[in-house]
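For reference, the chains in residue letters:
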Amino acid sequence: MKWSIKNEYCISCNSTYYKHKGKGLCSKCYSISTEIKKLDNANENELDNFMLKYISSPDKNKLKSLDINMQKEKIKNIIISKKLKYLIQYGQIESNKIKVDIVKIETILNEISRRAGRKNNLYTNRLLKFDTRFNNEQREIIALYLLKMLI
Ligand SMILES: [Zn+2]
């Protein structure tokens, strides 16, 4: 079954992970695009609210020295990268736009270990031995299931 009437997958993140919400977008990408539209139309006071929501205090002062459009651009990138990075990766793998190598799996595991409160890159260079053991399909399955923990 197709993901939506018109599309095989979300036109923004390329994944079928979330249900179709509208305009070819999944529920996640739809809410991000709504947020970005609000940001685009925000005046200076409203922009402060976006900063409170998305920017840590030390970075806020740096941002304030930029002109308003640059501020918006930076906040936009942060909104997208915080909310969408791993979903986009999921979609790229799911729709065969990128191949999964063992380094990609290490990177995902490192992110999972950071979420678990470990700061170092625990898995870097730890999986090289497995590289010859897994074929592409097997690596893909591992990566997709690991990414689900980060989405
Ligand atoms: Zn999406």
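Keep in mind the model is a prediction, meaning the values are calculated, not measured.

For the protein chain, the count of helices and strands is 6 helices and 2 strands. Written out in order from the N terminus, the α and β elements of the protein chain read β-β-α-α-α-α-α-α. Overall size of the protein chain, expressed as C-alpha extent along the three principal axes, is 55 × 45 × 20 Å. The 151 residues of the protein chain split such that 18% are buried. Considering only residue pairs separated by 6 or more positions, the protein chain has 55% of its internal contacts joining residues 24 or more positions apart.

Looking now at the nonpolar core. In terms of nonpolar packing, the biggest core is built from 18 residues, with Cys13, Cys26, Cys29, Ile105 and Ala143 touching the most fellow members. When contributions to this core are tallied by element, the ones reaching two or more residues are strand S2 (25-26), helix H1 (27-40), helix H4 (68-94), helix H5 (102-115) and helix H6 (136-147). Of the residues that make up this core, three or more belong to each of domain 1 (1-98) and domain 2 (100-151). Residues in contact with cysteine 29, not counting those within four places in the same chain, are Cys10, Ser12 and Cys13.

Here the focus is unusual backbone geometry. A positive phi angle, near 55°, is found at lysine 23, a position not held by glycine. Position of lysine 23 relative to the elements: it lies in the loop between strand S1 (20-22) and S2. When the 13 C-beta atoms within 10 Å are taken as the criterion, lysine 23 is described as partly exposed.

As a further point, take the domain arrangement of the protein chain. Annotation of the protein chain at the domain level lists domain 1 (1-98) and domain 2 (100-151). For domain 1 versus domain 2, the distance between C-alpha centres works out to 24 Å. Contacts between the two partners involve 7 residues from domain 1, matched on the other side by 7 residues from domain 2. Grouping the constituent residues of the side of domain 1 that touches domain 2 by class yields 5 nonpolar, 1 polar and 1 charged.

Glancing now at the packing of H5 against H6. Packing of H5 against H6 leaves a shortest axis separation of 10 Å and a crossing angle of 20°. The orientation of H5 with respect to H6, classified from their angle, is roughly parallel. The hand of the H5/H6 crossing is left-handed. Along its contact with H5, which presents Ile102, Lys104, Ile105, Ile108, Leu109 and Ile112, the element H6 presents Arg139, Ile142, Ala143, Leu146 and Leu147.

The subject of this paragraph is H1. A rise of 1.5 Å per residue sets the reference length of H1, with its 14 residues, at 20 Å; its end C-alpha atoms lie 20 Å apart and thus fit the reference within 8%. The set of residues buried in H1 consists of Lys28, Cys29 and Ile32. With its buried residues spanning 90° around the axis, H1 presents them on a single face. Structural note: H1 exposes Thr34, Lys37 and Lys38 on the side pointing more than 90 degrees away from its buried face. Residues of H1 that are buried make contact with S2 and H4.

Conventions adopted
- Residues numbered from 1 in each chain as written.
- Predicted model: local features only at pLDDT ≥ 70, side-chain atom pairs only at ≥ 80, totals over all residues.
- Helix = DSSP H or I, 4+ residues; strand = E, 2+ residues; numbered from the N terminus.
- Buried ≥ 20, exposed ≤ 12 C-beta atoms within 10 Å, placed from the backbone.
- Contact = placed C-beta atoms within 7 Å.
- Core = buried A, V, L, I, M, F, W, Y, C linked by C-beta atoms within 7 Å.
- Domains from an automatic or database assignment.
- Nonpolar A, V, L, I, M, F, W, Y, C, P; charged D, E, K, R; others polar.
- Axes fitted to C-alpha atoms, helices over the stretch in contact; angles between N-to-C directions.
- Parallel < 35°, antiparallel > 145°, perpendicular 65-115°, else oblique.
- Left-handed = near helix turned anticlockwise from the far one by under 90°.
- Expected span 1.5 Å × (residues − 1).
- Arc of directions from axis to C-beta.

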